[in-house]
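# Fold and geometry: a report
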Amino acid sequence: MTNMSTARVARRIAAGAAYGGGGIGLAGAATVGLLLAEARLARRRVGNGTAPHVPSADGLYGAAYTVAGEPALRLTMLGDSTAVGQGVHRAGQTPGALLASGLAALAERPVALSTVAAPGARSDDLDRQVTLALADPSRVPDICVIMVGANDVTHRMPPTRSVRHLSSAVRRLRTAGAEVVVGTCPDLGTLEPVGQPLRWLARRASRQLAAAQTIGTVEQGGRTVSLGDLLGPEFAANPRELFGPDSYHPSVEGYATAAMAVLPTLCAALGLWPAEEERPDAARREGFLPVARAAAEAAAEAGTEVAAAMPSGPRGPWALLKRRKRRRVPEAEPVVPLQ
């Protein structure tokens, strides 16, 4: 599927989400029976994606940067098992811990991490999660990371409904004063146990949803980072290294790769980069594009950031597409429990 056709479908999904349209199918009705049969087989081979224990990474990172009278930055993780870090064995290996440690080092401020994400969650759980994240008005997060979408695809949630829930979550968080970064739906066509034609259908559905998530997020004042190809070429080439033991959730190395892609956007959202780094670099094919086109290009390339840039024009809202250099994420230090 070309970027232009992905952009068209994403616009339709986002419009349906915004204006209450019905479900837009991501696969033709003629393929549904085969898709379901393949999905059942793949699910048996992959497993149900659950684990008896998910390490808690909540706490204070970068305590050495504490300055009297200066509060810690507050980072909250929302979404599904990818946001939690399911599949790793130590708290410091989770994406939340990696991002908190990296953010603390780059901001030279302590970072208080809290996690409201839940394994198996779909986008319709975000309302509950946002309520938890905003439960204490005196401790509104400075920045939130949402990683969601894979379970929406595997459970065939209508993409309009999926994007509607995500857009609402971003709007609530932004209204409360939090910056929001969304890691869009990963490319499920790279899952090792998934065969054809489900692999092709899963890739198409994942990219369409990721592009529509970008449109919905940017329109509400958030930023997105494409995770698609992080579960793409690198994962396909090194499945034993970058996937966890269940061949579904990322391994320690896989989560570190994803964190390296998301960290620069967290820093940009918090204004931690010099102004010159925020200007688009033509040599890196960065620039201002209609949001649907930017969303489609981002869905096809891992680590690509999309953020709102200009008011709407004749071709709709515009966005800035950035291909940021990935920052190495420092190994998470022992966490200080939050009081």
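Residues numbered from 1 in each chain as written. Predicted model: local features only at pLDDT ≥ 70, side-chain atom pairs only at ≥ 80, totals over all residues. Heavy atoms only, no water.

## What to know about the overall build of the protein
Assigned secondary structure in the protein consists of 12 helices and nine strands. Out of the 339 residues in the protein, the part that is buried amounts to 54%. Contacts in the protein between residues far apart in sequence, at least 24 positions, make up 80% of those at least 6 positions apart. Of the roughly 14600 Å² of accessible surface on the protein, 54% is carried by carbon and sulfur atoms. (Helix = DSSP H or I, 4+ residues; strand = E, 2+ residues; numbered from the N terminus. Buried < 20%, exposed > 50% of the residue type's maximum accessible area, 1.4 Å probe, protein only. Contact = heavy atoms within 4.5 Å. Areas by Shrake-Rupley, 256 points an atom, 1.4 Å probe, with all protein chains shown as cover.)

## A few points about helix α12 (residues 291–299)
Counting buried positions along α12 gives eight out of nine residues, so the element sits mostly inside the fold. Buried within α12 are the following residues: Val291, Ala292, Ala294, Ala295, Ala296, Glu297, Ala298 and Ala299.

## Observations regarding the confidence of the model for the protein
When pLDDT is averaged across the protein, the result is 78; 68% of the residues are at 70 or more. The model gives residues 22–37 a pLDDT under 50, and that stretch makes 20 contacts with residues more than four places away or in other chains. Low pLDDT (under 50) marks residues 237–247, which in the prediction has 28 contacts with non-local residues, meaning those over four places away or in another chain. (pLDDT = per-residue confidence, 0-100.)

## Details of the packing of helix α4 (residues 95–107) against helix α11 (residues 252–269)
Two packed helices can be described by the angle between their axes and the distance between those axes. Running from N to C, α4 and α11 cross one another at 40°; their axes reach a closest spacing of 9 Å. It follows from the interaxial angle that α4 and α11 lie oblique. Of the two possible hands of crossing, α4 and α11 adopt the one that is right-handed. For the pair formed by α4 and α11, the contact residues are Pro95, Leu98, Leu99, Gly102, Leu103 and Leu106 on the first element and Tyr255, Ala256, Ala259, Val262, Leu263, Leu266 and Cys267 on the second. For the contact of α4 with α11, the per-class residue count stands at 12 nonpolar, one polar and no charged. (Axes fitted to C-alpha atoms, helices over the stretch in contact; angles between N-to-C directions. Parallel < 35°, antiparallel > 145°, perpendicular 65-115°, else oblique. Left-handed = near helix turned anticlockwise from the far one by under 90°. Nonpolar A, V, L, I, M, F, W, Y, C, P; charged D, E, K, R; others polar.)

## Here we look at the environment of Gly96
As for its position among the elements, Gly96 is in helix α4. Taking the relative accessible area as the measure of exposure, Gly96 reaches 4% and is therefore buried. Separated by 21 residues in sequence, Gly96 and Leu75 have C-alpha atoms that sit 8.3 Å apart. For Gly96, the residues in contact, after removing those within four places along its chain, are Leu75, Met77 and Leu113.

## Topic: the side chain of Thr224
Along the chain, the position of Thr224 falls in strand β6 (residues 223–225). Relative accessible area serves as the criterion here: at 0%, Thr224 is assigned to the buried category. One polar contact links Thr224 to Thr214, side chain to side chain, over a distance of 3.2 Å. Discounting chain neighbours no more than four positions away, the residues touching Thr224 are Val182, Thr184, Gln213, Thr214, Thr217, Thr304, Glu305 and Val306. (Polar contact = N/O pair within 3.5 Å; in protein donor to acceptor, adjacent residues only side chain to side chain.)

## Observations concerning the packing of helix α5 (residues 126–133) against helix α7 (residues 159–176)
The N-to-C vectors of α5 and α7 enclose an angle of 15°; their axes lie 9 Å apart at closest approach. Relative to α7, the element α5 lies roughly parallel. As for how α5 packs across α7, the hand of that crossing is right-handed. Every residue of α7 that contacts α5 at Leu126, Asp127, Val130 and Thr131 is listed here: His165, Leu166, Ala169, Arg172 and Leu173. Classifying every residue of the contact of α5 with α7 by side-chain character gives five nonpolar, two polar and two charged.

## Overview of the side chain of Gln213
Position of Gln213 relative to the elements: it lies in helix α8 (residues 198–219). With sequence-adjacent residues up to four places away left out, Gln213 is seen in contact with Val148, Gly149, Val163, Leu166, Thr184, Cys185 and Thr224.

## Brief notes about α7
Taking 1.5 Å of rise per residue, the 18 residues of α7 would be expected to cover 26 Å, and the 26 Å separating its terminal C-alpha atoms lies within 8% of that figure. Residues of α7 that are buried: Pro159, Thr160, Ser162, Val163, Leu166, Ser167, Ala169, Val170 and Leu173. Note on α7: the residue one or two positions beyond its end, Gly177, has a positive phi of about 110°. (Expected span 1.5 Å × (residues − 1).)

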